[in-house]
Each structure stands twice: as structure tokens, then as C-alpha cells.
Amino acid sequence: NGLPMCGVPWHALDGYLARLIRSGHSAAICDQVEDPRTVKGKNIVRREVTRIVTPGTVTEDGLLDECTNTYIAATHSNALALLDLSTGEFSCEAFADAAALEDAILRISPAERIVSAEFANAAAAENSMPATCVDAWTFSYDAAHEELLRHFKVLALDGFGLEGSACAGMVCAAGALLYHVGTTLHHNISHIRRIVKRESAGMLAIDAGTVRHLALLPVEGLRRDATLFAILNATKTPMGARTLANRIRQPLCDAAAISARLDEVETFTRNRFSLTRLQSLLGGVRDIERLIAKVDSMRANARDLKALAQSLKPVPEVIEELAAVQCSSAGLAAEKELVDLLESAIAENPNVLLTEGNLIAPGYNGELDEWRGIAQNAHQWVANYQAAEIERTGIKTLKVRRNNVFGFYIEISKAAAKDAPPNYERRQTLTGAERFTTPELREYERKVLSAQERINALEQDLFKDLLAKTAAHALSIQSTAIRLGEIDATLALADRALAAGYVRPIIDESDVPDILDGRHPIIEQLPDAEPFVPNSASLDCVRNQIMLITGPNMAGKSTYLRQVATLAVMAQMGSFVPAASMRLGVLDRIFTRIGAGDDFSRGRSTFLVEMQETANILNNATPKSLIVLDEIGRGTSTFDGISIAWSVAEYLALHAQTKAKTLFATHYHELTALADKFDCVTNWTCKVKEDGERLVFLRRVVPGVAERSFGIHVGAMAGLPESVVKRAFQILENLESSKLNVTDPARAVKKRLSDIPGQMTLFD
Ligand code: ADP
Ligand code: MG
């Protein structure tokens, strides 16, 4: 019913597909499924939809970003199944509740999501990413379970840890996802060889908002280069880049596991020679993970096999170099025989299309070489035949030629055509010439054609055999790819640590983040930024639980907050950190809440979201959590805002189960009174120097309270007209003479800033 349809030249498919997919469409690809030569007699070659490409099931190299996984996701009763069709990575995870699931989805941001049609409305109402609805039965436990058994050719899912009622949600999501991609969308899924059950329990939980606020990974609307990923990404391979991104997205929270990663990084910060050597070895390694997935699903061409062989070639040297620094090479397999086989078998510059020939190198197969000899001799034969015919007929202009329509023919100019011998059969008349054929020529043509056909068929057989031989190593090549990715990511971290002067953090079970002279890894690298001023931070659950930071706009509050949280993420992902030293008791979660005024990029009802997120923090934080609250309450009127900020801080200070380490930046000076009321709250300020109406930002975070907010000074520095600045100082003076007092409950309630024109309260 009106589905748009068009034909495209096969060689231009990728370009058209890219445009369709990028603009959010899906495309069904129809192709001939029979060899036209074998369907003589019938008049139409059978065509079928061979696969349906959707945003989440793209496998074309040109459409994929090397540094990120492209996932299609299925969700079902708080469980998530994820598939990267381009690598065959398939995993599932069960979450405690719907909110945790939604958060994981936001963080992972799959390209596409499917849900059971049954829950279509619920999914739409959740206001998270859009979902494609599929038949509900595919999500039923029996159908999904059966699908997984069939695909993995197993009798039960115990081997994957997926039997039992606790795994039901994961099984439903995973089975439905596999069915959708394999059967509904017709993709080849034979390269999906296992499913991994994930558990975020052992991971540091960072919510999607935090990934964004701290600019950890490239996300829409953020500058790509100003992210932690961009700063740390000195990887050489796509596997390494993806591993690094995943480490950032999901840091660890087990001190021993973190230290093991740090040990590996330190190995290479201490052995620059090995670092450089390994990085240069990895420099020639292509995307093995995607290449082997292509081989395994029979989508690979001869160039892919060649690239795979070239990429595996340095592995023995990598193993050797790792051994030299006592670093484990478990998981790496050299595949020497396979590499030798592929190198001797694939032609020097093979064609991309299987049917175009020139796939197999000379010397690999005797029969192939023989047929090729015959085909290549055609040139010589034609020359001989032409000479003989000129001799016989005496026609000097006679030429023997070949084209795709007529095959071999003899061409004689119009003038000489009347002298053609009787055994010449006329085939075609041109303006200046006549074309003929002879029985001999036809006979020879048959021979050459059959040689060509033999060559093509033989090449394809040999190539398929090579694919199968390579696919037999798929599992071990896959694990080599994954391990190379890990090594590459580790090398990148060591590389960056050396280049940017990072130190190894001490990770333990203590109560502190204790940072001496920390720096913000992104800001310090920004081109044309002012020299970065390092700052220390000490937090614990007793006397330094809540750092309340005041200071004028632009003083550096937000930078400081993000810096502390970013360093915690870096430490727990197993990276060195930009600081003179750092000690960290492992955190279980990092929460950040950036006041609505600072977070216009989201485009949601910002104040409501701010409050939802604040609620989430208060409900879920533990003493092992780190909370970053930047200007909360700013999205509403001043008095509402102060009141909310005050009571939030009070709640965090008073409740034992949420006594989380907290950095609290605010421009509400009234809050500094909290330090007098609570021992665990300390006041800090970003130091400034007043120079007449100008301010000099010193960027030092020091104990104490900002004298005033200096907003008008900043206005003056920004070039507001002098009369406006003067008037603003006057108005400020008037307002300050009727200063409010939050510690006196009665006055705080009575006086509303909504009395002042231009201010709005939440319900206005
Ligand atoms: P605030 O949140 O107090 O308004 P920001 O943290 O947004 O201030 O910082 C304002 C600017 O100052 C930022 O653009 C940042 O580049 C710069 N800055 C902040 N802290 C430092 C520092 N420690 N050293 C150098 N520049 C800094
Ligand atoms: Mg700020």
C-alpha cells in the first residue's frame, strides 16, 4: 500500500542506504535469488526481500562508526537484550526496576529498540527512546526460549547461565530480538555464537545524566573533541576505541579489579619502549571483530579476508612483546597457519564482487592456473588466427576482435567486404565495415567461454572454502579481537598518562576521595584556554561530607565539581588521573544534578526533570556515593530555590543511609549558614580579586564564603552599558537592605520573591 520502491545500481547501494538510514528510515533490499543463466525457459528470475536494514541492524562499513557499537535492543519486564550485528556481540541483563532499565537504555543509547506490541502504549508513555513494536508472541517465554535453543544448537541455556525463572525476562528479550533480526529482518545471524549475561552489580553506576554532564562520551549536542573519551582515545584499533568507550561508560567498583587494570597501565608507563612497539604493531590492525563477523555470516569479500590476515599477522609479535613485560597474553591466538593460508590464497588486489573474479592468487590451485592459461592464451590465438586469415584472404584490413555482445568476430572494411571468402557468415553491418564469423571462431569462443566459466566457478568454490576454513576459527579470532581491544585501550591509557602527566590513583575501601592538586582533564587540554589552576579536594562521611561552594558566576565552581567526579570515574575505570596524588575509597554510584538553568540542551520541562532527578538522588544515594549538585533549585524562583536547596542539603547531612559525599555549588549565599548548623558541612569558595568594577578569577578553591555574588561585576565585564551597571548596583543595595533570612522559618515562608516583578514561581 504505497511503499516507496526504487531500483539502484548495486555498486551504489551503500550510498543510497546510508542516506535512507541516516534520515531514520528502514530499507528492504530485494535481489535476484536465482542465477539468471539457470532459469532459461521461465521468463522471470525469482526475486525476494533478502534483508531489511534498519538503524540498529546496519552492517555496511561505510555506515558504521568505528569507535562505537551500533546496538539494537529489546526490552521486556525490566530486562534488556543488546545485539551489535556488526560484531556479533550479544548480551542481556536484568534490572531491578523500570527506572534502572530506562537509565541503562539512555546510557547505552542503542540505535533502535523493539518491544512487544502488548506493551506498545507503556513504552510510548515512558517518554524514553522510541520503540518498534513486534508481535507479542515472539516475546513469550516458550517461543523465545525455543528460538535461543535452536540458534545456539543447545538443549538448555545453562551454559549461558540463563535457565531458571530469574532469567525469564532476559530470555524473552533475547529470544525475541534474535527472531526479529534473523527471521523478520532476514539478516544472517550465524556469527552470533554466544550470549553474555551481564551484571551491572559489580559496576560503578553512572546515570545517563552524569555521562552527559561530565562530558564523558560523545553524545548528541556535545562537542565531540571536548569529551573524556576524546582526551583518552590514543587507541590504534577500532576494538580498542570501543573498549575504551565501554570502560568509561561502565567503570568498576571492585578495588582489586581496578588495581589489576592499573597494574597493566603502569606496566606500560614504566616501559615506554614496549608501549611504543606495541602501539606501532597495533597500528596495522584493522577491525578484526567486524571482519570475523562478516566472515562468519558469509558476508565477507576477498579484501576482507586479506585485511583479516594482515591484521592477525602482528599477533605473534604482540604476544612476544607482552611476555617481555610480564603482561598476560591470555586470549590471544596467533593463527599462524590460517594467516599463511590466506596470504598465499588471496590475489594481490582482489575484486570486491565475488562474480568479478580475480579472487585467488596464482599458484594456489593447479586446476585454476591451467584454465587461466587457456583464457589468457586467447590473446595469442586471436593474433595468430588474424595473421592466418589475412594471409589466406589477402585482405590487409581484416581484424579479429571481441566484444561482449557478439563475442569473437572478423571485421572487414566496407571496401574490402566483397572479397570475403564464402565460409564467412555475415553477422552485422556497420557504416564503414562488415562483421563476420566462422565455424572455427565459434568453436574457439565456446572453449574460451567455458574456460572463463570454469575459472569463475572454481574461484568462487575456492573462496567459499577459504571463508569456511576461516569461520572455523571464528571463536578464537573473536577472543583475540577482544583481547587486542583491551590491550589497545590499556596502551592508550598509559600513553595519555605519560603525555598529560597523570598519576596512579590509590584505590581502597576507605571512606575518602582525597585529591591533591587535581586538574580537569578536558578543560586543561582545551586549545586557547587559560593555564589551568589545580585544586585539591577531600571528602569523607564525617567532617567533610558536604562541601558547599559559593562564588561568583564564572569563578570555576562547576569546573571544580565536575573535576572531582571525573577523576573518580577515571580512577574507577582503571586510568591514571590528572593530579599530584589521589586516594579513593571505591564509590558505588556517582550522581550529578546540574541546575536547570545550566542544562538547556535537554529540552524537557527542565525544572520538573531537575526535581525528579533530585528525588532519585535522595532516594538512592548511600554513604559510598558521590553526589554533585550544581546550582540546584535555580529553575524556580529564588525563594523556592533556596528552600529546596536548603532542605536537600539538610536531608543529606542528617540521614545516615544517604550520608553521601556531596559537592554542592550554589549562588545562594544564604546556604552558607548550613555550615554553622552541621559539623559535616564545610564552606568553600572560588577565590576572586576585586579590581574596581573588574573581577580577577584566581581559580583557587579555598575555605570560606564568597563575600557576595558579583553578578553585576560580571555584567560590567561583559560590556553592559555603564548606566545599566550603575542602576543595577543601586537596585541591589535596595534589595539587600531587606535581606531574607532562611534560618528564621517564619520569615522565609512569608516573604516570596514573586512579589518582585519579573520573577516566576513554579506554578506561575
Ligand atoms: P562557575 O560554575 O563558577 O560559573 P565555571 O566552572 O563554569 O564557573 O568556570 C568558568 C570558566 O573558568 C570555564 O570556562 C573554565 O574554563 C574556567 N576555569 C574554571 N576553573 C578553572 C581552573 N581551575 N583553571 C583554569 N580555568 C578554569
Ligand atoms: Mg556553574
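Residues numbered from 1 in each chain as written. Chains lettered and ligands numbered in written order. Predicted model: local features only at pLDDT ≥ 70, side-chain atom pairs only at ≥ 80, totals over all residues. Heavy atoms only, no water.

A count of helical and extended segments in the chain gives 25 helices and 23 strands. The C-alpha atoms of the chain give 35 Å as radius of gyration, which overshoots the globular expectation for 764 residues (27 Å, by more than 25%). When its C-alpha atoms are laid out on the principal axes, the chain stretches across 120 × 60 × 55 Å. In the chain, which comprises 764 residues, the proportion classed as buried is 48%. Looking at the chain alone, contacts between residues at least 24 apart form 67% of all its contacts between residues at least 6 apart. Per element, the accessible surface of the chain, about 36,000 Å² overall, is 53% carbon and sulfur. The positive charge centre, built from 82 side chains, and the negative charge centre, built from 95, are 5 Å apart in the chain. (Helix = DSSP H or I, 4+ residues; strand = E, 2+ residues; numbered from the N terminus. Rg over C-alpha atoms; globule rule 2.2 N^0.38 Å. Buried < 20%, exposed > 50% of the residue type's maximum accessible area, 1.4 Å probe, protein only. Contact = heavy atoms within 4.5 Å. Areas by Shrake-Rupley, 256 points an atom, 1.4 Å probe, with all protein chains shown as cover. Lys, Arg positive; Asp, Glu negative; His and termini not counted. Charge placed at Lys NZ, Arg CZ, Asp CG, Glu CD.)

With that settled, the discussion passes to the packing of aromatic side chains. For the structure shown, the criterion picks out seven aromatic pairs. Judged by centre distance (5.1 Å) and plane angle (70°), the rings of W137 and Y179 are edge-to-face. Taken together, the positions of W137 in the loop between strand 7 (132–134) and helix 4 (141–152) and Y179 in helix 5 (residues 168–184) put the pair 42 residues apart, joining distant regions of the chain. Look at W137 and you get partly exposed, because its relative accessible area is 45%. Where F152 meets F160, the ring centres are 4.8 Å apart and the plane angle is 50°; that geometry is what we call tilted. With relative accessibility at 19%, the residue F160 sits in the buried group. Grouping aromatic residues by their ring pairs yields a cluster made of W381, Y385, F408 and Y444. (Phe/Tyr/Trp six-rings, centres within 6.5 Å; stacked < 30°, edge-to-face > 60°.)

Let's shift gears to the sheet that holds strand 17 (residues 546–550). Reading across the sheet, the seven strands line up as 9-19-20-21-17-22-23 and stay open at both edges, with mixed pairing between neighbours. Strands at the two margins of the open sheet, each flanked by one partner only, are strand 9 (205–206) and strand 23 (694–703). The pairing of strand 17 with strand 22 (residues 681–691) spans five bridges and is parallel. Residue T550 lies in a different strand from strand 22, and its bridge partner there is T685. (Pairing = 2+ DSSP bridges.)

As a further point, take the site of ligand 1. Inspection of the region around ligand 1 gives 14 residues, with V533, M554, K557, S558 and T559 positioned closest. Between an oxygen atom of ligand 1 and a side-chain N or O atom of T559, the distance comes to 2.6 Å. Isolated, ligand 1 exposes 560 Å² of accessible area, and the fraction of that covered by the protein chains is 82%. When residues in the shell around ligand 1 are grouped by element, the largest group, three residues, is from helix 19 (residues 557–573). Taken together, the residues of the shell around ligand 1 break down into seven nonpolar, four polar and three charged. (Near = heavy atom within 4 Å. Polar contact = N/O pair within 3.5 Å; in protein donor to acceptor, adjacent residues only side chain to side chain. Nonpolar A, V, L, I, M, F, W, Y, C, P; charged D, E, K, R; others polar.)

The subject of this paragraph is the packing of helix 11 (residues 288–296) against helix 17 (residues 439–471). Their axes nearest at 9 Å, the elements helix 11 and helix 17 cross at an angle of 120°. When the axis of helix 11 is compared with that of helix 17, the two are oblique. As helix 11 packs across helix 17, the resulting crossing turns out to be left-handed. In this structure, helix 11 contributes I292, V295 and D296 to the contact, and helix 17 contributes L467, T470 and A471. (Axes fitted to C-alpha atoms, helices over the stretch in contact; angles between N-to-C directions. Parallel < 35°, antiparallel > 145°, perpendicular 65-115°, else oblique. Left-handed = near helix turned anticlockwise from the far one by under 90°.)

Attention now moves to the pattern of salt bridges. According to the stated counting rule, one finds 36 salt bridges in the structure shown. Close ionic contact of R46 with E48 constitutes a salt bridge, the shortest N to O distance being 3.2 Å. According to the relative accessible area criterion, E48 is partly exposed, its value standing at 38%. Salt bridges linked by common partners bring R242, D287, E289 and R290 together as one network. (Salt bridge = Lys/Arg side-chain N within 4 Å of Asp/Glu carboxyl O.)

Purely spatial values, then, with no claim about function.
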